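Listed below, chain by chain, are the residues.
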Amino acid sequence: MALAHTSRGIDFDTVISGIYRAQCEAKKKFGLESRLIMCFLRDLSAESAAEHLQMSLHYRDWIAGVRLDSDEQGNPPSKFAKVFSDARKQGYQLTMHCDVNQENTLIHIRECLDLIGVDRIDHGLNALEDEQLCADILHRGIGLTICPVSNRFVVQSLTSEEIRVMLDKGIKVTVNSDDPAYFRAYINENLMALVEEGDFTQKEIVQLVTSAFEEIAWLPDDIKAGYLQRLDQYVAGSVMDEDERL
Ligand SMILES: [Zn+2]
């Protein structure tokens, strides 16, 4: 959910209650579970973000964390340092969008790590250009949500080589859909694209999905363990050798 709704004059309660009802229905009808991240629009003011943080507290149990979204140009993480520090005090998880090839992206990623203290970074592929950033991301166990099909729209490449380099460095890189309605690809289509066009092995795909549960999903440990066990069982049920192509 994003402030895009409230900036169009829709009441905060209407937005979040509607989404919450849909989440409950999805669970009941399809067995689909989801958690909400509230997104601050970074092209709006820090005061606007602070107001929305305040409004969100009535619905604290419905929201897992907060995120910074939208136009990065001229809107660095530091602009929202106070809001994110207040969000942390409320127990929210923190993430920020550092899209591929944005202006000052290396500075933004550095601020995410050192100033904001994020739990994960959304995108963050350009960290590869800076050895120290890679070392710090690795050392702190920060997960990155990379979106191959979305990247293809932005930089005309699935960035599969970059994803593989991150995997080889041991960075907790994961594959995600970004905006599936817009990019016409859910997570499975993103993973399949890596297999078909990037020659990813089963072992690499399993590592990507494992990291998604271990480092990205903001879930209690017992629920994570359940998903990881289901993943193990799924992999064990497949007849291929570890290094065989999917
Ligand atoms: Zn994105």
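Refer to the structure above for everything that follows.
Summarised in this report is the structure supplied together with it. Remember, it's a predicted structure, so these values are computed and weren't measured experimentally.

Quick notes on the rules
- Residues numbered from 1 in each chain as written.
- Predicted model: local features only at pLDDT ≥ 70, side-chain atom pairs only at ≥ 80, totals over all residues.
- Heavy atoms only, no water.
- Phe/Tyr/Trp six-rings, centres within 6.5 Å; stacked < 30°, edge-to-face > 60°.
- Helix = DSSP H or I, 4+ residues; strand = E, 2+ residues; numbered from the N terminus.
- Buried < 20%, exposed > 50% of the residue type's maximum accessible area, 1.4 Å probe, protein only.
- Lys NZ or Arg CZ within 6 Å of the ring centre and 35° of its normal.
- Donors = N, O, S within 2.8 Å, 3.2 Å for Na, K, Ca; no water.
- Axes fitted to C-alpha atoms, helices over the stretch in contact; angles between N-to-C directions.
- Parallel < 35°, antiparallel > 145°, perpendicular 65-115°, else oblique.
- Left-handed = near helix turned anticlockwise from the far one by under 90°.
- Contact = heavy atoms within 4.5 Å.
- Nonpolar A, V, L, I, M, F, W, Y, C, P; charged D, E, K, R; others polar.

### A word on the packing of aromatic side chains
Note on aromatic pairs: each is described by the distance of the centres and the angle between the planes. Considering all chains together, one arrives at 7 aromatic pairs under this definition. Relative to Y59, the ring of F12 lies with its centre 5.6 Å away and its plane at 35 degrees, an arrangement referred to as tilted. One end of the pair, F12, is in helix α2 (residues 12-30); the other, Y59, is in the loop between α3 (46-56) and β2 (63-69), and 47 residues separate them in sequence. Pair check on accessibility: F12 and Y59 agree, each one buried. With 5.6 Å between their ring centres and 80 degrees between their planes, F40 and F84 make a pair best called edge-to-face. In this pair, F40 sits in strand β1 (residues 36-41) while F84 sits in helix α4 (residues 81-89), placing the two residues 44 residues apart along the sequence. For the residue pair F40 and F84, the accessibility class agrees, reading buried in each case. Each residue in the set F12, Y20, Y59 and W62 is aromatic and connected to the rest through ring pairs, giving one cluster. Over the ring of W218 we find R120; its NZ or CZ atom is 4.9 Å from the centre of that ring.

### Things to note about the environment of F153
Positionally, F153 belongs in helix α7 (residues 148-155). For F153 and F183, which are 30 residues apart along the polypeptide, the C-alpha to C-alpha distance reads 8.1 Å.

### As for the coordination of the zinc ion
Here the zinc ion is held by H97 (NE2), H123 (NE2) and D178 (OD), and the distances to it run 2.2 to 2.6 Å. Mapping the donors of the zinc ion onto the primary sequence gives the spacing H-x25-H-x54-D. Of the two residues, H123 sits in strand β4 (residues 120-123) while D178 sits in the loop between β6 (173-175) and α9 (180-183), which places them 55 residues apart along the sequence. Given the relative accessible area of 31%, D178 is considered partly exposed.

### Looking at the packing of helix α10 (residues 187-198) against helix α11 (residues 202-216)
At a closest axis distance of 11 Å, the pairing of α10 and α11 adopts a crossing angle of 155 degrees. In terms of their interaxial angle, α10 and α11 are classed as roughly antiparallel. The crossing of α10 and α11 is right-handed. Where α10 approaches α11, its residues L191, L194 and V195 are matched on the opposing element by I205, L208 and V209. By residue class, the composition of the contact of α10 with α11 is 6 nonpolar, no polar and no charged.

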